[in-house]
Each structure stands twice: as structure tokens, then as C-alpha cells.
Amino acid sequence: MVRRILKVMSSLVTTVLFIVLLLTLFLVISTKASGGEPSLFGYQLKTVLSGSMEPDIKTGSIVGIEETKDPTAYQKGDVITFRTEDDLLITHRITEVKQDGEVYTTKGDANSAADIDPVMSENIVGSYTGFTIPYLGYVLNFTNTAEGAALLLIVPGVLLLFYSGFMIWQAFRQLDKEKKALKIDEN
């Protein structure tokens, strides 16, 4: 009975380590392929690097952004992610819609004044879905570095190798015990 439980636990740990390795591999590859944050089924994960949208969206969080289908369809109160002239991504709330959705005025919730530059509809990347994971953005930013990508691929792989080595060592040890038991029975 104990042997069966250990075997099930061993299989479970192996499966979990393998899944972590695959998820990490997917995360790193999709992040590198998209040139930033990963995209899945029309949704992107974006990292929030400032406190302009606090308290709803904390600095260092990741947010889910639904990619824009119609950039003129947003309304006052919607939270959008847009690209600035400096090629920065900003997530702010729309405070005013102008020219039938061709131009928007935005403001960060924690900011006292509206953004100086209006947002043109063609610069909108997507809209905030309400999905937020605090502090995970720091990890995603780290994966965008060469060291982070290497670490996130190497660590789970090394853990899997050590675990495999441990399991092989245990199997040999079990075979040794069975051999010794057979020799004792023969005598």
C-alpha cells in the first residue's frame, strides 16, 4: 500500500514538474515571439509599470487586454491601452470621446489631470478586461531579459533532471533490495 502511494506521488511530482517546464517554455517563447507580452486567443497580457491607475491596477501587475476590433467604439469610462508617439504603452481611462471616436481624452485614475496628448483611435492597442494579477508583471518583465528567459528555461529543466536522477537511484536501490532478498531466500 505504501509503495503504491509513493508511486502515485512520484508520478504526480513528475507530471507537475513537466507541466511547469512546458508552461514556462510557452511563456518565454510567446513573449519573445510577440515582441513583449504573450498573446492568447485575442487577449494580451500587459505589464503595468506605473501607479497612474491605482488603486484598481497596482504597479507591477499584469492586466488582460482584449485586442482592438473597432477603435472608434470606445466610450467614456472605458479603460484602454494605447501607444504613444514615443512607442510607450499606456493604460488609462477615457474621460472624453471626440470626433465620433476618432480622438479620445484619457486620464490615469490616480492622476489629478487628464493626459496632455489626445489619443488617436489608430493608436489604441486594446481595452482592459478587468483581469489583473498583482506583482506578476515584475516576473514578466524579468522574462523579457536574456537572463530571465534563460533562468526560466533552465531551472525547471534542472529540477526535472535532478528528480529523474533521484527516481533512477531509488529504482536501482529497490532492485538491490530485491536481489538481496532473493539471495537470502535461496540460502
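Residues numbered from 1 in each chain as written. Predicted model: local features only at pLDDT ≥ 70, side-chain atom pairs only at ≥ 80, totals over all residues. Heavy atoms only, no water.

**Q** I'm lost on the overall build of the chain in this one. Help?
**A** The secondary structure content of the chain amounts to 3 helices and 8 strands. Reading the helices (α) and strands (β) of the chain from amino to carboxyl end gives α-β-β-β-β-β-β-β-β-α-α. Across the 187 residues in the chain, those meeting the buried criterion constitute 28%. Here the analysis covers contacts within the chain between residues at least 6 apart in sequence; of these, 55% occur between residues at least 24 apart. Only carbon and sulfur atoms are counted for the fraction: they give 64% of the accessible area of the chain, which is about 12400 Å². (Helix = DSSP H or I, 4+ residues; strand = E, 2+ residues; numbered from the N terminus. Buried < 20%, exposed > 50% of the residue type's maximum accessible area, 1.4 Å probe, protein only. Contact = heavy atoms within 4.5 Å. Areas by Shrake-Rupley, 256 points an atom, 1.4 Å probe, with all protein chains shown as cover.)

**Q** What should I look at first to understand unusual backbone geometry in this one?
**A** Backbone geometry follows two general trends: most residues other than glycine have a negative phi, and most peptide bonds adopt the trans configuration. With omega at 10°, the peptide bond leading from E54 into P55 counts as cis. The residue P55 is located in the loop between β2 (43–47) and β3 (62–67) in this model. One non-glycine residue, D87, lies in the positive phi region at around 65°. Its place among the elements puts D87 in the loop between β4 (79–83) and β5 (89–98). Its relative accessible area of 51% is what places D87 among the exposed residues. Residue Q99 is not a glycine yet carries a positive backbone phi of 50°. Within the secondary structure, Q99 is located in the loop between β5 and β6 (103–107). On the basis of relative accessibility, which here comes to 59%, the residue Q99 falls in the exposed class.

**Q** How should the nonpolar core be read in this particular structure?
**A** The nonpolar side chains of a soluble globular protein tend to be buried with one another. Listed in full, the 7 residues of the largest apolar core are Y74, I80, F82, I94, Y104, V119 and I124. Excluding residues within four positions of it along the chain, Y74 makes contact with T68, I80, I94, V97, Y104, I124, G126 and S127. Ranked by size, the runner-up nonpolar core spans 6 residues in total, among them M53, V63, I65 and V79. (Core = buried A, V, L, I, M, F, W, Y, C linked by side-chain atoms within 4.5 Å.)

**Q** Is there a simple way to think about the packing of aromatic side chains in this case?
**A** How two aromatic rings sit relative to each other is set out by the distance from centre to centre and by the angle between their planes. Scanning the entire structure with this criterion turns up 2 aromatic pairs. With centroids separated by 6.4 Å and ring planes inclined at 65°, the aromatic side chains of Y74 and Y104 adopt a geometry described as edge-to-face. Highlighted residues: Y74 in the loop between β3 and β4 and Y104 in strand β6, separated in sequence by 30 residues. Y74 gets classed as buried once you look at its relative accessible area, which sits at 12%. Here the aromatic rings of F166 and W169 are separated by 6.0 Å at their centres, their planes lie at 35°, and the arrangement is tilted. (Phe/Tyr/Trp six-rings, centres within 6.5 Å; stacked < 30°, edge-to-face > 60°.)

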